[in-house]
Amino acid sequence: MATVRSTLHSNLPPPPPSSPPARNPTAASPRYRKPLTTTPAEHTALHPSEAASLLTAAARARDLRLGHALHARLLRTGTLLEADAVVANSLLTLYSKCGAVDAARSVFDGMPTGLRDLVSWTAMASCLARNGAETEALRLLGETLEAGLRPNAFTLCAAAQACFVSELFHSACGAVLGLVFKMGFWGTDVSVGCALIDMFAKNGDMVAARLVFDGLVERTVVVWTLLITRYAQGGYADEAVELFLDMLENGFRPDQFTMSSMLSACTELGSFSLGQQLHSLALRLGLESDSCVSCGLVNMYAKSHIGQSMHNARKVFNRIPKHNVMSWTALLSGYVQRGLQDNKVLILLCEMLSEGIRPNHITYSSLLKACANLGDQDSGRQIHAHCIKSSLADVNVIGNALVSMYAESGCMAEATQAFNQLYEKNMVSISCDFDGDGTGQDYQIQGMDVGISTFTFASLISAAASVGLLTKGQQLHALSLKAGFGSDRGIGNSLVSMYSRCGYLEDACQAFDEMSDHNVISWTSMISGLAKHGHAERALELFYNMISAGVKPNDVTYIAVLSACSHAGLVKEGKEHFRMMQKDHGLIPRMEHYACIVDLLGRSGLVREALDFVNEMPCKADALVWKTLLGACKIHSNMDIGEVAANHVVELEPQDPAPYVLLSNLYADAGLWDQVARIRSAMRDKNLMKETGLSWMQVENTIHEFRAGDTSHPRAEEIYTKLDRLIRDIKGMGYVPDTSIVLHDMPDELKEQCLLQHSEKIAVAFGLISCTSATKPIRIFKNLRVCADCHSALKYVSKATGREIILRDSNRFHRMKDGECSCGEYW
């Protein structure tokens, strides 16, 4: 016992100079003092058993108000708290279960030393472990051992719970396990087993969690469900399914929590046939009406793109006896992911509000993310207004979604404003302390309204990537290191994504290499970054390394892999990977995967084969697939198939201007100006507008935006003077404006003038007069795909000026140096 005790103490960090346990400001407690005056009724003392029963009942109900009242009466009517351990422990347990740390500590400190027993020490330690004072909890448990008390199952559960924190897990986990073995609780106590499973799972060690599970002599539904849930939450959906089948074979009946976790697992796997079987099982077990199970079913069907899945999601939703915010959020997210137009999602949102259900931050963030994917800024602005009215616009997850939504819609001013509000709200209060000696850092971080956590940093870094604010991303990287979050995997993943999306591929690779623990998100982010920067072979090599490391790819990984093949024209490899994802990894293709194959074939000129592939799909192609085929038809001037694809897109998404624009471009390429006029007339009748091209760049913490023919910039005269000089220089090097891409019936001179005022040309001229360092690349971001003429012109500019130009368009990165582009003319 002494050895374990000393180990536990030696592995704990020293106590801070003045670090009280985490406090709950709403849970103030009466002090140990006699009232100054009393009334006759207040002299009536509670019997010890009566007092203990009342306190136990209040604890079960989590009724803190009743607890305070009982505590006050005990103080007024006698000395039970100083004399009766059962009463004092009951009060301590009540405060512990209610999370009232200060009140619990007051009771514990007020108990005479001889009155404290193992229940007292355990209740206090458990309270601290559950409320953010894990280090203090372990220190208290060490004192328990020093007092000569023998830990029981509850004590060991409290110790394991304190080790949920990563730093304490690594320093004190061994001591806790030693106590479990020494006290004879290994494999013999279900509650201790569950606590250890949770301890390992929350620290990412699912192998050890499974060893604990396998070592249990007795297993209950709770234990099975706990490990299934942790597998599902940790990205081990296959293991969750396998364990669930073992559970059924061993004769255990799953409950609503088991079914809810299993539905999440099969949704992650994309195994909707399994989801339907789970639905059938839920019906047989009478669990479909449970709110968690029904929400899981709605979510599962909503994320399936097969057959009438959305219809099935609505049917399940309609059968729910009482809707809540979870069920509505699942349904709304499903509809909006399908690209529903005509503001029908907002109508559904109004229905939700009419039922008296207030959307939460998850509802709004899901809707905003979907609007970002769709580029639907009108709906996004209306949802933003709802967030403001609900006082939720400042919540981190919503602020991040707002940044992404505005950035994806090309509204860079609004995106930057949303990011700045998010950044200042979270970071300004601790920035000053980081400039000092850091002694108050922990206090300031914990004392903020929202709280700086690893999630906050990861969220802000992702938001900076959406806007292309590299400087802010680098500042966040430095601040996260100073806050002690350098080893966090979530932040590491965000850094990989941020640096690659801002055009700093080398820094992204370094961030990836410095991570000690890669998960599927880490690998996928790096593979996607390499693919978008034109390094398809490196991306595929990294994918093979991922497989060799034993990390199972998910459906997003395969989108990155197939995109890499598409951008490099690797048709054979792309087809093989599409086969592998189904045969080797059991992943059912989503519409995005089918669109990748159509893009792969279409870019390679195999437009007819791409059409055949679409017609042979096992499910009906959505607008994304047809738009991808239409884009390929535009590249290869295939009008016949282009008309077929355009008609399908118009039928599926009548309010989307993209098919009209692409079809108009096809007709213009063929010189069919009457057809072009007909298309444009139809767009006017339907009030459809082509998305405006926008380029932007960051110079000294300021975002500068440019549109075609833009003269609003303060340095417009200098910009156009520089641009005219550039055009003369590159024409002398062989550049010839490609007037064929100007899709208007006008003289060639006017067409050339239109070309020379494209936003990316204006941006590069501004970059050259603003960024004078010859060693620094000029970095430009564009909301649309770069046109062929600008691509050619910027290559010539890179050769004429000796400057590297990095352009991120809506598809990929183009790194132009010495007249060559990383895309290899394949974009």
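In the nomenclature of an unreviewed UniProt entry, the protein chain corresponds to DYW domain-containing protein from the organism Urochloa decumbens.

A.B. asks: For this particular structure, what's the right way to read unusual backbone geometry?
C.D. replies: Leaving glycine out, the prevailing phi sign among residues is negative, and the prevailing peptide bond configuration is trans. Residue Ser391 is not a glycine yet carries a positive backbone phi of 60 degrees. Among the residues examined, Ser391 registers a relative accessible area of 65% and is labelled exposed. The backbone of Ser637 sits at a positive phi, close to 55 degrees, despite the residue not being glycine. Tracing the backbone shows Ser637 in the loop between α36 (623–635) and α37 (639–652).

A.B. asks: Help me understand α36 in this model?
C.D. replies: For an α-helix the count is 3.6 residues per turn, leaving residues at separations of three or four pointing the same way. Relative to the 18 Å expected for 13 residues at 1.5 Å per residue, α36 spans 18 Å between its end C-alpha atoms, a close match to the ideal helical length. Those residues of α36 not exposed but buried are Ala623, Val625, Trp626, Thr628, Leu629, Leu630, Ala632 and Cys633. Its buried side turned inward, α36 meets α34 (591–603), α35 (607–615), α37 and α38 (658–669). For α36, the N-terminal cap is Asp622; the gap from its side-chain oxygen to the backbone nitrogen of Leu624 is 3.2 Å. Looking one or two places after α36, you find Ser637, whose phi comes out positive at around 55 degrees.

A.B. asks: Just checking my understanding: could you explain the side chain of Ser390 for this structure?
C.D. replies: The topology assignment puts Ser390 in the loop between α22 (377–389) and α23 (396–408). Not counting residues within four places of it along the chain, the set of residues in contact with Ser390 comprises Arg358 and Tyr364.

A.B. asks: Where do I start with the pattern of salt bridges in this structure?
C.D. replies: When charged atoms on two side chains of opposite charge get close, those side chains can pair. Summed over all chains, the structure comprises 21 salt bridges. Residue Asp214 is joined to Arg210 by a salt bridge in which the shortest nitrogen-to-oxygen separation is 3.0 Å. Taken together, the residues Asp214 and Arg210, both in helix α12 (residues 206–215) and four residues apart, mark about one turn of the helix. Look at the salt bridges and you will find they share partners, linking Arg105, Asp109 and Glu136 into a network.

A.B. asks: How do you make sense of a positive patch on the surface when you look at a structure like this?
C.D. replies: Together, Arg60, Arg62, Lys97 and Arg130 line one region of the surface with positive charge. With respect to the element layout, Arg130 can be found in helix α7 (residues 118–130).

A.B. asks: I'm lost on the nonpolar core in this one. Help?
C.D. replies: A general feature of soluble globular proteins is that nonpolar side chains tend to end up buried together. Residues Tyr95, Phe200, Phe419, Met526, Met617, Val625 and Leu629 are the most contacted members of the largest nonpolar core, which totals 226 residues. Residue contacts for Phe419: discarding those within four places in its chain leaves Val403, Leu460, Ala463, Ala464, Val467, Leu469, Lys472 and Leu476. Judged by nonpolar contacts, the second largest core, of 30 residues, contains Ile719, Cys787, Leu807 and Met816.

A.B. asks: How do you make sense of the packing of helix α32 (residues 555–568) against α34 when you look at a structure like this?
C.D. replies: How two helices pack is summed up by the angle between their axes together with the distance between the axes. Where α32 meets α34, the closest approach of the two axes is 9 Å, and the angle between their N-to-C directions is 5 degrees. Taken together, the axes of α32 and α34 are roughly parallel relative to one another. Each of Asp555, Tyr558, Ile559, Leu562, Ser563, Cys565, Ser566 and His567 in α32 lies in contact with α34, whose residues at this interface are Glu592, His593, Cys596, Ile597, Asp599, Leu600 and Arg603. Split by residue class, the contact of α32 with α34 holds seven nonpolar, four polar and four charged.

A.B. asks: When you look at the pairing of strand β1 (residues 694–699) in this model, what are you seeing that I'm missing?
C.D. replies: Looking along a regular strand, one sees side chains alternate from face to face of the sheet. With six of its six residues buried, β1 lies for the most part within the structure. Here β1 shows two buried faces, one formed by Leu694, Trp696 and Gln698 and the other by Ser695, Met697 and Val699. Here β1 pairs with strand β2 (residues 702–707) via six bridges, running antiparallel. Bridge pairing in β2 places Gln698 opposite Ile703. In sequence, β1 turns back onto β2 through a hairpin of two residues, with Glu700 there showing a positive phi of about 50 degrees. As judged from the two bridges shared by β1 and strand β3 (residues 778–782), these two strands associate in the antiparallel manner. Considered in β3, the bridge of Trp696 is made with Phe781.

A.B. asks: Any chance you could explain the sheet that holds strand β4 (residues 805–808) here in plain terms?
C.D. replies: Neighbouring strands of a sheet are bound in pairs by backbone hydrogen bonds; such pairs are parallel or else antiparallel. Here six strands make up an open sheet; going across it, the order is β2-β1-β3-β4-β5-β6 and the pairing mixed. The open sheet has two free edges, formed respectively by β2 and β6 (820–821), since each of these has just one partner strand.

A.B. asks: When you look at helix α18 (residues 309–319) in this model, what are you seeing that I'm missing?
C.D. replies: Along α18, the residues that are buried comprise Ser309, Met310, Ala313, Val316 and Phe317. Each buried residue of α18 sits inside an arc of 120 degrees when the element is viewed along its axis, so together they form one side.

A.B. asks: Mind showing me how you'd approach the packing of aromatic side chains here?
C.D. replies: Note on aromatic pairs: each is described by the distance of the centres and the angle between the planes. Summed over the entire model, instances satisfying the criterion amount to 17 aromatic pairs. Ring geometry for Phe213 and Trp224: centres 5.0 Å apart, planes at 75 degrees, overall edge-to-face. With Phe213 in helix α12 and Trp224 in helix α13 (residues 221–233), this pair connects stretches of sequence that are 11 residues apart. In terms of burial, Phe213 and Trp224 fall into one category: buried. Ring centres of Phe457 and Phe485 lie 5.8 Å apart, and the angle between their planes is 65 degrees; this geometry places the pair in the edge-to-face category. Here the residue Phe457 occupies a position in helix α26 (residues 454–467), and Phe485 occupies one in the loop between α27 (470–482) and α28 (489–501), the gap between them amounting to 28 residues. Grouping aromatic residues by their ring pairs yields a cluster made of Phe213, Trp224 and Phe252. One Lys or Arg, Lys202, reaches over the ring of Phe164 and ends 5.4 Å from the middle of that ring. Between the NZ or CZ atom of Arg219 and the centre of the ring of Phe213, over which it lies, the distance is 4.3 Å.

A.B. asks: For this particular structure, what's the right way to read the UniProt feature "repeat: PPR" (unreviewed entry) in the protein chain?
C.D. replies: This chain's UniProt record puts "repeat: PPR" (unreviewed entry) on residues 117–151, 220–254, 324–359 and 519–553. Structurally, residues 117–151 is divided into 74% helix and 0% strand, and its ends, taken at the C-alpha atoms, are 11 Å apart. Measuring from the first to the last C-alpha atom of residues 220–254 gives 10 Å, for a span that is 74% helix and 0% strand.

Thresholds, definitions, all that
Residues numbered from 1 in each chain as written. Predicted model: local features only at pLDDT ≥ 70, side-chain atom pairs only at ≥ 80, totals over all residues. Heavy atoms only, no water. Buried < 20%, exposed > 50% of the residue type's maximum accessible area, 1.4 Å probe, protein only. Helix = DSSP H or I, 4+ residues; strand = E, 2+ residues; numbered from the N terminus. Expected span 1.5 Å × (residues − 1). Contact = heavy atoms within 4.5 Å. Polar contact = N/O pair within 3.5 Å; in protein donor to acceptor, adjacent residues only side chain to side chain. Salt bridge = Lys/Arg side-chain N within 4 Å of Asp/Glu carboxyl O. Patch = residues over 30% accessible without salt bridge, like charges linked within 9 Å, V, L, I, M, F, W, Y side chains within 5 Å. Areas by Shrake-Rupley, 256 points an atom, 1.4 Å probe, with all protein chains shown as cover. Lys, Arg positive; Asp, Glu negative; His and termini not counted. Charge placed at Lys NZ, Arg CZ, Asp CG, Glu CD. Core = buried A, V, L, I, M, F, W, Y, C linked by side-chain atoms within 4.5 Å. Axes fitted to C-alpha atoms, helices over the stretch in contact; angles between N-to-C directions. Parallel < 35°, antiparallel > 145°, perpendicular 65-115°, else oblique. Nonpolar A, V, L, I, M, F, W, Y, C, P; charged D, E, K, R; others polar. Pairing = 2+ DSSP bridges. Arc of directions from axis to C-beta. Phe/Tyr/Trp six-rings, centres within 6.5 Å; stacked < 30°, edge-to-face > 60°. Lys NZ or Arg CZ within 6 Å of the ring centre and 35° of its normal. UniProt positions renumbered as here; feature names shortened; annotations may be inferred.

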